[in-house]
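Next come the chains, spelled out residue by residue.
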Amino acid sequence: MTFPANRRSSHFARWSWRNARVRAWIYQLAMLLGIGLLVYWLVDNTLVNLAARNISTGFGFLEREAGFAISESPIAYRPADSYARALWVGILNTLKVAALGVVLATLLGSLIGIARLSGNRLLAAVATAYIEVMRNIPLLLQLFFWYALITQSLPSPRLALEPMSGVFLSNRGLTVPWFSGVNGSVFWLALLVIVLYLIVAVCLGRKAKTAYLPGKVTALMGLVFVLAVSFATTITLSPGLHLSVPELKGFNFVGGATLSPEFTALLLGLVLYTAAFVAEVVRSGIQSVGAGQWQAGRALGLRDGQVLRRIIIPQALRVIVPPMTSQYLNLTKNSSLAVAIGYPDIVSIANTTLNQTGQAIEGVLIIMAAYLTVSLSISAVMNLYNRRIALKER
């Protein structure tokens, strides 16, 4: 079959070097090939050098006995357990402080951001001073300050402060009554179900409405139902569950639950530091909404608090959510500074692991993979929420 000359020329011109799209594809393929060759050379060179020095590679060490204790663990852990379980404890400790930090920093930062816009000059000045001070002191110094304040200023357990019955505050941390004998697997499964429900409720929003109930009532009733079922399941599958009240025995408290000085200092530092940035995000988001929206709300007879909650904040969220995502990611990654004050997060435990096993490259890869997974998960959830509240073009 033959083609006319003009058709053949147009066909070849489409794939000729003069075509900008063809050149763009060739450049990109050449760049990918170059990057691939560079990565191959680096990996091959690393393996050759490790073999020359008789340094083993691979992740087989994860199955070996760890042989070191961890000061605090959300799951059962013994020194006889494997390195894999020890690293899992570190990941859970990181997630624990990051999750609490995100919630508390959001609440505190939002209040401070709104306070900075207050008509009360004193309140606005205090909020401004807080933001400027916290943002301009390095987080690491703040962690050292809070840790020293807790461990050096508070009394010993024998002289512990007791603000209320059964609650003790000392240089060993905050000790409170808590439930003992909880089935750990069931508890974490129930917590995962609650978190997944909240994520789905936030991301679906209006799509979760039913034909009979408003979306907010449906979400609230669903949350109450999930909490009730999770609580009842945990109690049913934990036959030894009882309330443990702390008692002073020897030089420390026995029973209850204790927030260690390391965890408390890390949480305080992360929350107070990140809240200053969150406050600026909230302030700028509110100010991005036109003044006419305030006037329209007041004209309808709404109070300023109602205007802010029902009119301004829903519109400001479109501006607030993207930079707020960055602050959540920063808080999660800043939790790696826990190693400076002795909190057993993933970085601290991975450092101990690689020092004992000599698997430095694998240890660093595990840390990178852990933070990458958590960060991408936060980004995915926040991006889903951002798309839900974004303006839809018609």
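Bear in mind the structure is a predicted one, so any value in this text is a computation, not a measurement.

### Comments concerning the overall build of the chain
Then, in step 1: In terms of regular secondary structure, the chain is built from 12 helices and 8 strands.
Then, in step 2: Just so you have it, the chain exposes about 24300 Å², and 67% of that area is on carbon and sulfur atoms.

### Section: the pattern of salt bridges
Then, in step 1: Across all of its chains, the model carries 5 salt bridges by this definition.
Then, in step 2: Here D81 ties to R85 by a salt bridge, and the two come within 3.8 Å at their closest N and O atoms.
Then, in step 3: Under the relative-accessibility criterion, R85 is labelled partly exposed at 32%.
Then, in step 4: Linking R283 and E280 is a salt bridge whose minimum nitrogen-to-oxygen distance equals 3.0 Å. With a gap of 3 residues between them, R283 and E280 both fall in helix α8 (residues 261-287), about one helical turn apart. Neither R283 nor E280 differs from the other in exposure class; each is buried.
Then, in step 5: Taken together, the salt bridges that share partners define one network made up of R78, D81 and R85.

### Points about the UniProt feature "transmembrane region" (unreviewed entry) in the chain
Then, in step 1: Under the local residue numbering, the UniProt record ascribes the feature "transmembrane region" (unreviewed entry) to residues 24-43, 97-115, 186-205, 217-243 and 364-385.
Then, in step 2: Split by type, residues 24-43 is 100% helix and 0% strand. Its first and last C-alpha atoms lie 29 Å apart.
Then, in step 3: Helix makes up 100% of residues 364-385 and strand 0%, whereas the separation of the span's terminal C-alpha atoms amounts to 32 Å.

### Description of the packing of aromatic side chains
Then, in step 1: All chains considered together, the criterion is met by 7 aromatic pairs.
Then, in step 2: Between F263 and Y343, the aromatic rings sit 5.8 Å apart at their centres with planes inclined by 45°, giving tilted as the arrangement. Of this pair, F263 sits in helix α8 while Y343 sits in the loop between α10 (304-334) and α11 (346-357), and the two are 80 residues apart along the sequence.
Then, in step 3: Assessed through its relative accessible area of 4%, F263 is described here as buried.
Then, in step 4: For Y343, a relative accessible area of 0% gives the class buried.
Then, in step 5: Three or more aromatic residues joined by ring pairs make a cluster, and in this case those are F59, F61, F68 and Y83.
Then, in step 6: One residue, K96, lies across the ring of F263, its end atom 5.0 Å from the ring centre.
Then, in step 7: The cationic tip of R135 hangs over the ring face of F277; the distance from NZ or CZ to the ring centre is 6.0 Å.

### A closer look at the nonpolar core
A general trend in soluble globular proteins is that nonpolar side chains are found buried together.
Then, in step 1: Formed by 46 residues in total, the largest nonpolar core has its most connected members in V97, Y130, L266, I312 and M324.
Then, in step 2: For this core, the secondary structure elements donating two or more residues are α3 (83-116), α4 (121-135), α5 (139-153), α8, α10 and α12 (360-389).
Then, in step 3: With 15 residues, the top contributor of residues to this core is α8.
Then, in step 4: For I312, the contacting residues outside a window of four places in its chain are I286, V289, Q293, W294 and V307.
Then, in step 5: Counting residues in hydrophobic clusters, the runner-up holds 19 residues, among them Y77, Y83, I349 and A370.

How each quantity is defined
- Residues numbered from 1 in each chain as written.
- Predicted model: local features only at pLDDT ≥ 70, side-chain atom pairs only at ≥ 80, totals over all residues.
- Heavy atoms only, no water.
- Helix = DSSP H or I, 4+ residues; strand = E, 2+ residues; numbered from the N terminus.
- Areas by Shrake-Rupley, 256 points an atom, 1.4 Å probe, with all protein chains shown as cover.
- Salt bridge = Lys/Arg side-chain N within 4 Å of Asp/Glu carboxyl O.
- Buried < 20%, exposed > 50% of the residue type's maximum accessible area, 1.4 Å probe, protein only.
- UniProt positions renumbered as here; feature names shortened; annotations may be inferred.
- Phe/Tyr/Trp six-rings, centres within 6.5 Å; stacked < 30°, edge-to-face > 60°.
- Lys NZ or Arg CZ within 6 Å of the ring centre and 35° of its normal.
- Core = buried A, V, L, I, M, F, W, Y, C linked by side-chain atoms within 4.5 Å.
- Contact = heavy atoms within 4.5 Å.

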